[in-house]
Amino acid sequence: METHKAHCLIFPCAAQGHINPMLQFAKRLQHQGTKITLATTKFFFKTLQEVSGSIAVETISDGYDEGANEVPLDTYNAVFQKVGSENLTELILKLKDLGCPVDCIVYDALISWALDVAKSLGLRAAAFFTQSCAVYKIYYHVYAGLLKLPLEESKVEIPGLPPLLASDLPSFFSNYGSYPPIFQMVAYDQMKNIHEADWIFCNTFYKLEEEVIDCTSKILPIKTIGPTIPSMYLDKRLQDDKQYGLSRFMPMTNDCMPWLNERSTSSVVYVSFGSLAELDAEQMEEVAQGLRTSNYYFLWVVRESESNKLPKDFVKETSDRGLFISWCPQLEVLAHKSIGCFITHCGWNSTLEALSLGVPMIGMPQWIDQSTNAKFVVDIWKTGIKAQPDETGIVRRDVIHECISVVMEGEKGQEIRKNADNWKDLARKAFDDGGSSDKNIKDFVSKLIQS
Ligand code: UDX
């Protein structure tokens, strides 16, 4: 008798930093024999279809099919919940009528109402955490009223986490007054119905966040399934599709690869601040001057929308050492032998990629969870240092120059590199056959089939 093929509907939040890890997770489930349907908004539908391989993609309207740039977040969320819930219900019933009933919805924890839809239809549901376990533990702590906002203390003690300064918390909490209340609410509302989820997956690996996972497991039974980067980057013996995911910014060019091939080992500083962060002109000037005086080769990702903030003539003046690109194949770049360190905003995907590929980091966190990620990179995982901003919040050129020297040359840099190699090895082990993440994925699939 043919084994029942489980069918998962994977529903990421409509943002690159969320879609890509969940797309990779979908591909891993498919590799284990699970039928997958990906659901996304009309905005990402076409680009997601181009990178989803043989996975079917369906659309869920968020009520703003012509784009929602000018819509306030609270209005957008309310409309998305109403229209999205109706659309998600219709999609699940349509798939059932087509003879492909959904067994489980794997939803982005940011779309907590998807769990309510699943339960209303008698389906199981798995929450998917796209950031670190530590960050979700903080969200949970705030949601449970164990951490009052605005913060009254400059130091914060949360079980399972190292002692944190207020500035190490996600920016919506540490800079409470600088964001509309909706931002804090979106962060901790992910927890409001989390106990009804049948599984909670997180894009991390057990050894990386062992203490917070063990301490949290009774409240949040988190199953680690990361790092969700194509296995070929974790283990060269494996050949899977290089296509990591979609990119909001086209064209994704490979122009930088021939340039990197001409560079010697660990001789290049790679600089990228992700898909959302917008540095101001003063900060771009300081980064530029720090790169100029450090005298290393550098590859700097400057998105089209940011290029006008670069100092005049800087590109021309540093053309002998610097290469600027609007968007690059970051995994290919981080895996390249010439990369000596990564100046990063510490977005979770970039952080996990650098850890998994053994690249030392210089953290310049901007907002959201980036300060928390930077704290762990520097003090817990010890694979980088933080470029400390001054009292105005700007990281000065001499600080950037100093950080590059420390990581690229110094004794501390050697220790950081050794730690980076160790985490790279542990990331691969988590993903290898029988590894912690591999086991959690296989366990999920077998439970789905049994039902
Ligand atoms: C957002 C938030 O900013 C981040 O804090 C949160 O943890 C996830 O959602 P983003 O800012 O885009 O993410 O940063 P990050 O999480 O690092 O994701 C960036 C992704 O874009 C990475 O997967 C990276 O590989 C990719 N990238 C970046 C490219 O493919 N090419 C580039 O040139 C730059």
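Anyway, here's the lowdown on the structure attached to this text.

The rules behind the values
- Residues numbered from 1 in each chain as written.
- Predicted model: local features only at pLDDT ≥ 70, side-chain atom pairs only at ≥ 80, totals over all residues.
- Heavy atoms only, no water.
- Buried < 20%, exposed > 50% of the residue type's maximum accessible area, 1.4 Å probe, protein only.
- Helix = DSSP H or I, 4+ residues; strand = E, 2+ residues; numbered from the N terminus.
- Pairing = 2+ DSSP bridges.
- Right-handed = clockwise from strand over helix to strand, strands pointing away.
- Contact = heavy atoms within 4.5 Å.
- Salt bridge = Lys/Arg side-chain N within 4 Å of Asp/Glu carboxyl O.

### A short note on the pairing of strand β4 (residues 104-108)
- Most of β4 sits out of view: five of its five residues are buried.
- Residues Cys 104, Val 106 and Asp 108 of β4 are buried on one face, and the alternating residues Ile 105 and Tyr 107, pointing to the opposite face, are buried as well.
- Where strand β1 (residues 7-11) and β4 come together, four bridges link them in parallel fashion. Across the sheet, residue Leu 9 finds its bridge partner in β4, namely Ile 105.
- As for the winding sense of the linkage, the β-α-β connection from β4 through helix α4 (residues 113-120) to strand β5 (residues 124-129) is right-handed.

### Digging into the environment of Leu 352
- Considering the arrangement of structural elements, one finds Leu 352 in helix α14 (residues 348-356).
- Here Leu 352 falls in the buried class, since its relative accessible area comes to 3%.
- Expressed as a C-alpha distance, the spacing of Leu 352 and Leu 23, which sit 329 residues apart in the sequence, is 16 Å.
- Non-local contacts of Leu 352, meaning those with residues more than four positions away in its chain, are made with Asn 203, Thr 204, Phe 205, Leu 208 and Pro 227.

### Things to note about the environment of Glu 153
- Position of Glu 153 among the secondary structure elements: in the loop between α5 (133-143) and β6 (155-156).
- The exposed category is assigned to Glu 153, whose relative accessible area is 56%.

### Re the pattern of salt bridges
- In this structure the tally under the stated criterion is 23 salt bridges.
- Ionic pairing is found between Arg 396 and Glu 282, a salt bridge with its closest N-O pair at 3.1 Å. Taken together, the positions of Arg 396 in the loop between β15 (384-386) and α16 (397-408) and Glu 282 in helix α11 (residues 281-294) put the pair 114 residues apart, joining distant regions of the chain.
- Owing to a relative accessible area of 41%, Glu 282 belongs among the partly exposed residues under this scheme.
- For Arg 396, the salt bridge goes to Glu 286, with nearest N and O atoms at 3.4 Å. Of this pair, Arg 396 sits in the loop between β15 and α16 while Glu 286 sits in helix α11; the two residues are 110 residues apart in sequence, bridging distant segments of the chain.
- For Glu 286, a relative accessible area of 6% translates into the label buried.
- Through salt bridges with shared partners, one network takes in Glu 282, Glu 285, Glu 286, Asp 390, Arg 396 and Arg 397.

Structural measurements only, silent on function.
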